[in-house]
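A structural walkthrough
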Number of protein chains: 2
Amino acid sequence: MSDVTVEKWGMFEASFQGPSTGNPFLEIAFDAIFKQKSREVRVPGFYDGDGIYKIRFMPDEEGEWRFITRSEQAELDGQTGQLTVGPATKNNHGPVKVRNQFHFGYADGSPYLPFGTTCYAWTHQPLAMQAQTLETLKQTRFNKIRMGVFPKDYPYNTNEPLYACFLSGPDGKEDFDQPNPLAFRHFETQVAALCEIGIEADIIIFHPYDRWGYADMSAEQDYRYVAYLAARLSAYRNVWWSLANEYDFLLNTKPLAQWDRYFHILEENDPYQHLRSIHNGDVRMNFDHRKPWVTHTCIQNWDVKRTQEWRDDYGKPVINDEPEYEGNIIQCWGNITAQELVHRYWITLTRGGYAGHGETYSHPEDLIWWAKGGKLRGEAWKRIGFLRDLLEEDANSGFEPLGSVHDWPWSRVSGARDGDVRLIYFGEHQPIVWSSGLPMDGDHYEVDIIDTWNMTVTPAKKVEAPVTHPTRHGDIVRGGKPDAAFGIELPGKPYLAVRVRPMKR
Amino acid sequence: MSDVTVEKWGMFEASFQGPSTGNPFLEIAFDAIFKQKSREVRVPGFYDGDGIYKIRFMPDEEGEWRFITRSEQAELDGQTGQLTVGPATKNNHGPVKVRNQFHFGYADGSPYLPFGTTCYAWTHQPLAMQAQTLETLKQTRFNKIRMGVFPKDYPYNTNEPLYACFLSGPDGKEDFDQPNPLAFRHFETQVAALCEIGIEADIIIFHPYDRWGYADMSAEQDYRYVAYLAARLSAYRNVWWSLANEYDFLLNTKPLAQWDRYFHILEENDPYQHLRSIHNGDVRMNFDHRKPWVTHTCIQNWDVKRTQEWRDDYGKPVINDEPEYEGNIIQCWGNITAQELVHRYWITLTRGGYAGHGETYSHPEDLIWWAKGGKLRGEAWKRIGFLRDLLEEDANSGFEPLGSVHDWPWSRVSGARDGDVRLIYFGEHQPIVWSSGLPMDGDHYEVDIIDTWNMTVTPAKKVEAPVTHPTRHGDIVRGGKPDAAFGIELPGKPYLAVRVRPMKR
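Residues numbered from 1 in each chain as written. Chains lettered and ligands numbered in written order. Predicted model: local features only at pLDDT ≥ 70, side-chain atom pairs only at ≥ 80, totals over all residues.

1. Quick notes on the packing of helix α7 (residues 338-349) of chain B against helix α9 (residues 380-394) of chain B
Helix-helix packing is characterised by the crossing angle of the two axes and by the distance between the axes. Residues and elements named next belong to chain B. Between α7 and α9, the least distance of the axes is 9 Å, while the angle of their chain directions is 20 degrees. Relative to α9, the element α7 lies roughly parallel. Crossing of α7 against α9: the hand is right-handed. Each of Ala338, Leu341, Val342, Tyr345, Trp346 and Leu349 in α7 lies in contact with α9, whose residues at this interface are Ala380, Arg383, Ile384, Leu387 and Leu391. Partitioned by chemical class, the residues of the contact of α7 with α9 number 10 nonpolar, no polar and 1 charged. (Axes fitted to C-alpha atoms, helices over the stretch in contact; angles between N-to-C directions. Helix = DSSP H or I, 4+ residues; strand = E, 2+ residues; numbered from the N terminus. Parallel < 35°, antiparallel > 145°, perpendicular 65-115°, else oblique. Left-handed = near helix turned anticlockwise from the far one by under 90°. Contact = placed C-beta atoms within 7 Å. Nonpolar A, V, L, I, M, F, W, Y, C, P; charged D, E, K, R; others polar.)

Have a look at this one:
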């Protein structure tokens, strides 16, 4: 192989000619060992049709790398090559990893706060609509998208996909032992297009909304498919693995133990250990995210004041992918108001979690963002972008809850801090004066009132700290003292937050 | 005693002269047996000061009753009398009882749906303000009020009460072994005034907001005080017993076993078995309402979509006394918007429970309804009255949840039915078409859209029933059918409900 240059966290690809007879997907194993100094990285290869075999590699260190292929197939064994890895270019921050237990960050150290949206089947829509989806995403502040490998059969989702995911067998039916390279090439083109605009692809591997038989593949077929995805896609730095959407609606054909195996296959075949999680349907069916192969907690739950509970249960970052969607369709997971979704975002974020967006407005041609992409029609996405901008002004190690939900007032209102910066979100509460959660150590802070809906930031008026805890019999705070160095006045309306920051010097 | 006539569920009172020396409260036991045919009812008596001993009796059957007193004190023993009980007058429906497991009704069979408010210390305010409270209540549709026997020491509640609850002892301090008849006479005057305007008095026996020592009385003093209340007040038909407000904040001086004893004393000394419950502070500290001496479940919890959980846990009517209060004070249990409180009422009622109102708007002189009564300043009370009127149009055996919270869509929206009448509350959800929970059996129903905030009722347009359940892999509803005989159109905005009733013939 020729010597080539790629950037750090960029993709190196090498192709090899091999057999095109039989079923290479089933019959030919093929990988490569990439070496730098004493380090060796095993990179699985994959068959891309027409006798072409590929290895993709995402280097995470600059400098010289060499590789050698391995296979029982002679043409694919012992092939060597080398590459030179240069520095990452401007907008390449590397893959996202867990950081500080409950948060995320790019591999280059820059902060990453997930602000995701959902377009399950956007890569299966007509190409013009896919282009529109990418254009729309550029107008937003979303930096992650949930998207399925497979097309979707579901209310509002009845059109045929652009490509069958598998080639037809002799009986004219899709043969789940023969991936369709065209389908997967198109999918990864769109993963790359997302990477180009700074959006992480949260790739849903399995889902139950199926009429093609993908949800009914055998366990062995599933295992090969997961390994194939890992070999094809892991070298894209913006890949996240979401094992399933609503895995619990698939348990009749894919029992629980099988899900662990899918995770293990990714651990074995994704050399970069991209983020891995799995999304439940029924609120009682959260996956056991404590398992070590799950990197973060994904859930679907509208009851967002429970965010700390999920942090505590699993000890990992929490992303509530579906705190219900803004929209007006008949399905109740898809018909909350924009204001309610923004409210749930703020609650989630100021309780130390992250939330996901989706939009489900009824449309005469069923062009609904949550499944097909296209255009956004709602109001929440702008406020969610405002929230992201606001948080990124100050995010450092991650916003952590200001107190236990069992302590007053954090069971009722929400508050979080990242270092010296605090955010308190009042939501449906409208106190006209406030102090809990404000600093105890003097007055060297600036405080702003944030109107989360109107997206304004206004300096707050400071007042003497009131005594916030009730004085009562047996209460340890009897004869109560103020719980902060100062208080602030608030305008007495809902959906406000306050931000406290050290004064600039 | 002379023969007197009282109405059914009215009050008969007989007074007797006895010793006024020593401490009659501690030293003299005194009761009466009321007889009608073969029935005997034991009615405890009480000392009312100045050598006067009283027996109060609330007959629950018309006709002739006779009584004889019993005491080791000769003057109070063997006294007899008789009374004639006539029919209840127009607005006298008797005491409220549990009916149909999860609901309430008056003893005469007429429906009673609790729509309570809270004025903890209203009977301890200046008399003009107490008169104002009664006037205000008449303007509302509240039919229950939570009120403490003892005055309150708490933020916004620092004024001295009208009366000390106990007489002073030789040391000038209140002697908890000598109830002050003036204080209790005033309290019962106000209980009677409430009865006059159709309002149940939900009497709070203990609370932790204390500076007078009432929360620190000995167990024996507590027991005598509870028995004394039972003897004085049980004959008022509008009495409910609330053992405590926030009993869990009293556990340091009144351990859990003591609370059962208080209940037992009421069982033994309230011949009419008025409703008995107890109210928690911390949301993790619900009392064990399964205990047989607890007639219904009282709780404080903002998380109102859990209403069915509390029904299921205890199998008794649920009253959420404090789903937080409308207001703007710094304490977060007292600063939600009017709209949010109305929203929580609707959720609670359409999940088979009942809710309580309170109002906590900051006031320059601390005149706050929730503690002192006076004037209402908010907006929720009108909508709560509208909701009561609406429910009472149709209430019969009680509104029961339309489905399990584990079944779609009742985890997310709320719905209940009383016989053929159904109410579905959407809250933050805004579908533009709906069918779940509508009747399966044809089209002989009228459907109205209720704007819960603007208090309007508008006929809904019926449409063909949509398929509401998603069709998906493995779902038992695959190839889904409509779940109702028809659907309705909705205007796509929040805080709406629909009501379905059989068409009038």
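2. Some details on the environment of alanine 338 of chain A
Residue and element names in this part refer to chain A. Assignment of secondary structure puts alanine 338 in helix α7 (residues 338-349). Measuring from C-alpha to C-alpha, the distance between alanine 338 and asparagine 286 comes to 26 Å, with 52 residues separating the pair along the chain. In this structure, alanine 338 is in contact with Glu326, Gly378, Glu379 and Ala380, ignoring residues within four places of it in sequence.

3. As for the nonpolar core
In terms of nonpolar packing, the biggest core is built from 277 residues, with Ile205, Leu243 and Val498 of chain A together with Ile203, Ile205, Leu243 and Val498 of chain B touching the most fellow members. Once residues lying within four places of it in the same chain are set aside, the contact partners of isoleucine 203 of chain B are Met147, Val149, Leu233, Val239, Trp240, Trp241 and Ser242 of chain B. (Core = buried A, V, L, I, M, F, W, Y, C linked by C-beta atoms within 7 Å. Buried ≥ 20, exposed ≤ 12 C-beta atoms within 10 Å, placed from the backbone.)

4. Points about the interface of chain B and chain A
Put simply, an interface is often sized by how much accessible area is lost when its parts join up. Opposite the 44 residues of chain B that make contact, chain A presents 44 residues. In terms of residue class, the side of chain B that touches chain A is made up of 23 nonpolar, 15 polar and 6 charged.

5. So, the domain arrangement of chain A
Residues and elements named next belong to chain A. As assigned here, chain A comprises domain 1 (4-86), domain 2 (96-394) and domain 3 (413-502). Look at where the C-alpha atoms of domain 1 and domain 2 centre, and you get two points 28 Å apart. The element best represented in the side of domain 1 that touches domain 2 is strand β4 (residues 39-47), accounting for 6 residues. Residues of the side of domain 1 that touches domain 2, tallied by class, amount to 10 nonpolar, 3 polar and 4 charged. (Domains from an automatic or database assignment.)

6. Thoughts on the pairing of strand β30 (residues 496-502) of chain A
Residues and elements named next belong to chain A. Most of β30 is tucked away, with 5 of its 7 residues classed as buried. Pairing between strand β24 (residues 421-425) and β30: 4 bridges, direction antiparallel. Bridge pairing in β30 places tyrosine 425 opposite alanine 497. For strand β26 (residues 445-451) and β30, the ladder comprises 7 bridges, and the chain directions are antiparallel. Following the sheet pairing, glutamate 446 is matched in β30 by arginine 501. (Pairing = 2+ DSSP bridges.)

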